[in-house]
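Structural description and commentary
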Amino acid sequence: MTFEKNPDLYSSVQHWMEVVNARHKLSAQEWEDRLPVLWSFCESLGKDPDTIIKEALDERNSKLDYMRHLRRWANDQAKGPQATHELQNVIRSFFINNGARVLTKPYPDVYSRGGL
Amino acid sequence: MEFLEVVGSRRSIRWFKTWEKVPRDKIQRILEVVRLTTCPGNLQPWRAIVVERDALDEQTRDGLLGADNWQGAHTQAPVWIYWYADPSVTRPESFQERTTELTDLGALPPAYGWSKEMIEAAIQRGEVVQAGGPAINELIHGMPAEVGAAVAYAGTVGACACACLAAVNEGLGTCLHMIAAPSKQDRVKELLGVPEDVLPVWVQLVGYPAEDPEAGGQRPRFPFETTFFERSWGQPFPRDEEVVSQLTKERLLQEPMPKPGRFDELKFLSRMYGYPE
């Protein structure tokens, strides 16, 4: 399935941007960096953003399946654990700010400066 | 720090300097405060297990964090104090032992009717206490186990509030979390070696704040007049603005949240620790 990569067409993307901007005032450049991550994630699933959010909110198992897919997808996309984590955070932010609560874990070095 | 400023400066800190260790003497000072906290009948139902995160093996650490749903503040705080309530201290014989001790030491005055005989009669036989003394016969005699558990729990919750103030007084940040999701309480007990019949209360996270210690300002509270009454329910206790002004000078009352820059602070903390915004 193909879909238009235009944030104006999807209420979930609009809502995500509005909520994050209301709090953190991200720059246009930051959104230009983040939106392609979302489009790429959606493409990997063959679904548009609104469909993904609707399914995640309607059915907990769908949400968990999306999170499993996110881990695999980010591992395939990124080079190194930090880049993988940052990609996942973009998508987690999309889910969380649309009301789909997902578990977040910090970097290993959150435990201690030397890492564990 | 003065008492009023300690109370006014306390916040639930949710971002900690995860790399900065808490000196052991500061933890002991918190525990020493709790040891002297008020409680009914001097029952002292609280029990605490101090856990230094970085001294744990990985499996135990992740088990405890997983039980609390990997909450950010929990992962970051270097010290976790697990507070439990021991309901066995509220058994009639324990209550009798504690109140008798207080009578022997002169805390409970004979002038009000306190004596070993009165305590024994009221607690063991449910005899009515004479006017001037507390109706402990009704409270204790034949008390269901659930009431004892509630008393132990309530006493420990109060102790946790004092533990938070004690942490602030030491210049630390602190926050109370559920020990675990209800379905995972048993797992935490297993990891910490806690007896089955002891009640989980809170886990107190302790460390140095990574966020501004004011954490965005004082939290909103219900209006004074709709919270505190005089003479009858719903009749506001008048709030004197001069007292408010004085308490503001004494730092009990501080700037309400959100203070300017709070959301920028949250954005940068999220980025620093690798969380979504």
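The structure under discussion appears in the preceding block.
Reading the values: rules and limits
- Here the residue numbers are simple positions, counted from 1 along each chain's written sequence.
- To read the labels, note that chains go from A and ligands from 1, taken in the order they are written.
- Given that the model is predicted, a residue must reach a pLDDT of at least 70 before its local features are reported, and side-chain atom pairs must reach 80 or more before they are shown or counted; all residues, however, enter totals for whole chains, interfaces and linings.
- A run of DSSP states H or I qualifies as a helix once it reaches four residues; a run of E qualifies as a strand once it reaches two. Both are numbered from the N-terminal end.
- Radius of gyration here uses only the C-alpha atoms, and the compact-globule reference equals 2.2 Å multiplied by the residue count raised to the power 0.38.
- Three exposure classes are used, all based on how many other C-beta atoms lie within 10 Å of a residue's own C-beta (placed from the backbone): buried at 20 or more, exposed at 12 or fewer, and partly exposed between those limits.
- C-beta atoms are placed from the backbone for every residue, and two residues are taken to be in contact when these atoms lie within 7 Å.
- Between N-to-C directions, angles span 0 to 180 degrees; the directions come from axes that are lines fitted to C-alpha atoms, helices contributing only their stretch in contact.
- Angles below 35 degrees are treated as roughly parallel, those above 145 as roughly antiparallel, those between 65 and 115 as roughly perpendicular, and all remaining angles as oblique.
- The nonpolar class holds Ala, Val, Leu, Ile, Met, Phe, Trp, Tyr, Cys and Pro. Asp, Glu, Lys and Arg form the charged class, and all remaining residues, Gly among them, are polar.
- Working definition: the nonpolar core is a set of buried Ala, Val, Leu, Ile, Met, Phe, Trp, Tyr and Cys residues, joined through C-beta atoms within 7 Å.
- Strand pairing is assigned whenever DSSP detects at least two bridges linking the two strands.
- Should the near helix be turned anticlockwise from the far one by less than a right angle, the crossing is termed left-handed; should it be turned clockwise, right-handed.

For the rest of this paragraph, the subject is the overall build of chain A. Each helix and strand counted, chain A has five helices and zero strands in total. Counting from the amino terminus, chain A carries its helices and strands in the arrangement α-α-α-α-α. Its C-alpha radius of gyration of 14 Å places chain A within 12% of the 13 Å reference for a compact globule of 116 residues. By principal-axis analysis of the C-alpha atoms, chain A measures approximately 45 × 35 × 25 Å. Out of the 116 residues belonging to chain A, those deemed buried represent 28%. Summarising the internal contacts of chain A: among those between residues at least 6 apart in sequence, 58% fall at separations of at least 24.

Take the packing of helix α1 (residues 11–24) of chain A against helix α3 (residues 49–58) of chain A next. Residue and element names in this part refer to chain A. Interaxial distance between α1 and α3 falls to 7 Å at its minimum, and their mutual angle equals 80 degrees. Of the possible angle classes, the one that applies to α1 and α3 is roughly perpendicular. Together, Ser11, Ser12 and Val13 of α1 and Pro49, Asp50 and Ile53 of α3 make up the contact between the two elements. Of the residues contributing to the contact of α1 with α3, the split by class is three nonpolar, two polar and one charged.

Another aspect to go through is the nonpolar core. Counting 53 residues, the largest nonpolar core has Ile81, Tyr82, Trp83, Ala163, Ala167 and Val206 of chain B as the members making the most contacts within it. Put simply, the parts of the chain that give this core at least two residues each are α2 (24–35), β1 (46–52), α3 (58–67), β2 (79–85), α6 (116–125), α7 (136–140), α8 (145–169) and β4 (199–207) of chain B. Sorting elements by how many residues they give to this core places α8 of chain B first, with nine residues. Look past the residues within four positions of tyrosine 82 of chain B in its chain and what remains in contact with it is Ala48, Ile49, Val51, Ile179, Leu192 and Val203 of chain B. In terms of nonpolar packing, the next biggest core, distinct from the first, is built from 20 residues, Ile52, Ala56, Tyr66 and Phe94 of chain A among them.

Following methionine 257 of chain B, the chain continues into proline 258 of chain B via a peptide bond in cis, with omega recorded as 0 degrees. Within the secondary structure, proline 258 of chain B is located in the loop between α11 (241–249) and α12 (262–273). For lysine 25 of chain A, which is not glycine, the phi torsion reads 50 degrees and is therefore positive. Looking at where lysine 25 of chain A falls in the secondary structure, it is placed in the loop between α1 and α2 (28–45).

What follows covers the pairing of β4 of chain B. All names here are of chain B. Burial analysis of β4 places eight of its nine residues in the buried class, the great majority of the element. Sheet analysis places β2 next to β4, joined by seven bridges and oriented antiparallel. Looking at β4, one finds that alanine 85 is bridged to leucine 199. Note: strand β3 (residues 173–177) against β4, five bridges, orientation antiparallel. Within β4, the position partnered with glycine 173 by the bridge is glycine 207.

This paragraph deals with the packing of α2 of chain B against α8 of chain B. Residues and elements named next belong to chain B. Where α2 meets α8, the axes come as close as 9 Å, and the angle between the chain directions of the two elements is 140 degrees. In this view, α2 runs oblique relative to α8, as classed from their interaxial angle. Note that α2 runs across α8; the crossing there is right-handed. Residues Arg29, Ile30, Val33 and Val34 of α2 pack against Ala159, Cys162, Ala163, Ala166 and Ala167 of α8. Considered class by class, the residues forming the contact of α2 with α8 number eight nonpolar, no polar and one charged.

Buried accessible area, meaning the area lost when the parts come together, often serves as the stated size of an interface. Facing the 18 residues of chain A at the interface are 17 residues of chain B. Going through the elements one at a time, α1 and α5 (81–96) of chain A are the ones with two or more residues in the side of chain A that touches chain B. Take the side of chain A that touches chain B: its biggest share by element is five residues, from α5 of chain A. Residue classes in the side of chain A that touches chain B are distributed as eight nonpolar, six polar and four charged.

A separate point is the environment of glutamate 265 of chain B. Residues and elements named next belong to chain B. Note that glutamate 265 resides in helix α12. Taking the C-beta count within 10 Å as the criterion, glutamate 265 has 18 such neighbours and is therefore assigned partly exposed. Excluding anything up to four places from it in sequence, glutamate 265 contacts Glu211 and Asp212.

Attention now goes to the pairing of β2 of chain B. Residues and elements named next belong to chain B. Judged by how many residues are buried, β2 sits mostly within the fold: seven of seven residues are covered. Here β2 shows two buried faces, one formed by Val79, Ile81, Trp83 and Ala85 and the other by Trp80, Tyr82 and Tyr84. Note: β1 against β2, seven bridges, orientation antiparallel. Residue pairing across strands places arginine 47 opposite tyrosine 84, the latter belonging to β2.

Glancing now at the sheet that holds β4 of chain B. All names here are of chain B. Strand order across the open sheet formed by four strands is β1-β2-β4-β3, with antiparallel pairing between neighbours. Either end of the sheet is taken by a strand with one partner, and the two such strands are β1 and β3. Strand-to-strand, the axes of this sheet are offset by a mean angle of 20 degrees, without reference to chain direction.

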